[in-house]
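Structural overview for review
Here's the letter readout for the chains.
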Amino acid sequence: QTTPTHWSMYTSLAIEQHGYSKDEDIGGVYPKSEYKESIFDLVEGNGLRACMFAGKDKFAIFQRSLPMSYYNYISKRDQVADIFINEMKEEPCHYSFVHLIHPDAAGHKYKGAATILNGKVMYDEAVKQADKYLGDIIDFVENTVPFQGRTLIIASSDHGFADVGNHAKTEDIQNYKIPFYVMGPCVAQGADLYDLNKSTRQDPGDGLPHSYEGCQPIRNRDAASLAADALGVTASSGALSDMNATLYLGQEECGGSCPLHDVCSNTPPANTTTTIPPVSVAPPASCKNKRESCSSNTDCCGGLKCHRRKNICKRKKN
């Protein structure tokens, strides 16, 4: 369901773990003690700007419960991408959650892909609309300084849509099997995320894994930890504090955790503590001290890293 699954996408917690099970705005503020930390907490807590462009009014529960610099409920669905692009031009967000509602609205109205009008499957037409607006966002990012070459885009969904007019039946493959795409400068082009993460993720095919222990499929809740890793922000509690859970994207120098534990095979990797060893680069002879300017981590002295936004050396968080 929409609202509980969105809590998972913001916290990397399963619904059973964050406890928000109703697909509605329950009113008030959902306490942080329940969800520990969200991607919004991490972004705002590090002095960055987190934004939400919402397509449903019940997302107001997120505005009240989560710290964010910008929130906009956009009732006219065809304006979402343009409003996002305009905001990024005026006052850029470091993390943005953009909600394109077209497929969901069509699914409820036309019973999933069951309705054909004038020779067209109405649900498919709505997917094409969402794809067009996603394309507008990608074109903006790829052709606009300073976003080109510095932006990670994660495209996924909160659920699929069965041909019955709702997505309540969780055992229906049309509801639970969803896409998860990543593009950006850190991503190995054309690679399959399952091939890159064989030690921590396993493709379930058409199956529906019920356990949250051991080897896991890629889930939409991986988006939060992936975004946190890309921004270089870390959590002290909750699922986002386990950076071993972050997906590897194929290029170590851009971030993306190398898995520390092989949970998808019966035996640990032989003679190694990492499945994909990180690149080790010695610091330059004259390294930069704390708060001195830098362009990469290799510029900074031991125990320091280069802040990606401020371009100064700062102490690493444990």
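Residues numbered from 1 in each chain as written. Predicted model: local features only at pLDDT ≥ 70, side-chain atom pairs only at ≥ 80, totals over all residues. Heavy atoms only, no water.

Before going further, it helps to examine the state of the cysteines. Per the counting criterion, the structure on display carries 1 disulfide. Residue cysteine 51 pairs covalently with cysteine 93 via a disulfide, S to S 2.0 Å. Measuring the twist about the S-S bond at about -95 degrees, one finds the cysteine 51-cysteine 93 disulfide to be left-handed. Within this pair, whereas cysteine 51 is found in strand E1 (residues 50-54), its partner cysteine 93 is found in the loop between helix H6 (80-90) and strand E3 (95-98), the two being separated by 42 residues in sequence. Judged by its relative accessible area of 0%, cysteine 51 is buried. (Disulfide = S-S within 2.5 Å. Helix = DSSP H or I, 4+ residues; strand = E, 2+ residues; numbered from the N terminus. Buried < 20%, exposed > 50% of the residue type's maximum accessible area, 1.4 Å probe, protein only.)

With that settled, the discussion passes to the sheet that holds E1. Here we have 3 strands laid out as an open sheet, ordered E2-E1-E3, and parallel in their pairing. For this open sheet the edge positions go to strand E2 (70-73) and E3, each flanked by a neighbour on one side alone. Neighbouring strand axes in the sheet, compared pairwise and without regard to direction, differ in orientation by 5 degrees on average. With 4 bridges connecting them, E1 and E2 associate as parallel partners. Bridge pairing links phenylalanine 53 to asparagine 72 in E2. (Pairing = 2+ DSSP bridges. Axes fitted to C-alpha atoms, helices over the stretch in contact; angles between N-to-C directions.)

On to the side chain of threonine 200. Along the chain, threonine 200 falls in the loop between helix H10 (193-196) and helix H11 (222-231). Taking the relative accessible area as the measure of exposure, threonine 200 reaches 6% and is therefore buried. Polar contacts involving the side chain of threonine 200 include one to the side chain of arginine 201, which spans 3.4 Å. (Polar contact = N/O pair within 3.5 Å; in protein donor to acceptor, adjacent residues only side chain to side chain.)

With that settled, consider the nonpolar core. Ranked by size, the top nonpolar core spans 30 residues in total, and within it Tyr10, Ile39, Phe40, Met52 and Tyr95 carry the most contacts. For this core, the secondary-structure elements that each account for two or more residues are helix H1 (2-11), helix H4 (39-45), E1, helix H5 (60-65), E3 and H11. Of the residues forming this core, the biggest block, 4 residues, is contributed by H4. If we ignore the near neighbours within four places in the chain, the residues touching phenylalanine 40 are Tyr10, Ala50, Cys51, Met52, Leu66, Pro67, Met68, Tyr95 and Phe97. (Core = buried A, V, L, I, M, F, W, Y, C linked by side-chain atoms within 4.5 Å. Contact = heavy atoms within 4.5 Å.)

For the rest of this paragraph, the subject is H11. Here H11 lies mainly inside the structure; 8 of its 10 residues are buried. Buried within H11 we find Asp222, Ala223, Ala224, Ser225, Leu226, Ala227, Ala228 and Asp229. Note on H11: the residue one or two positions beyond its end, glycine 232, has a positive phi of about 75 degrees.

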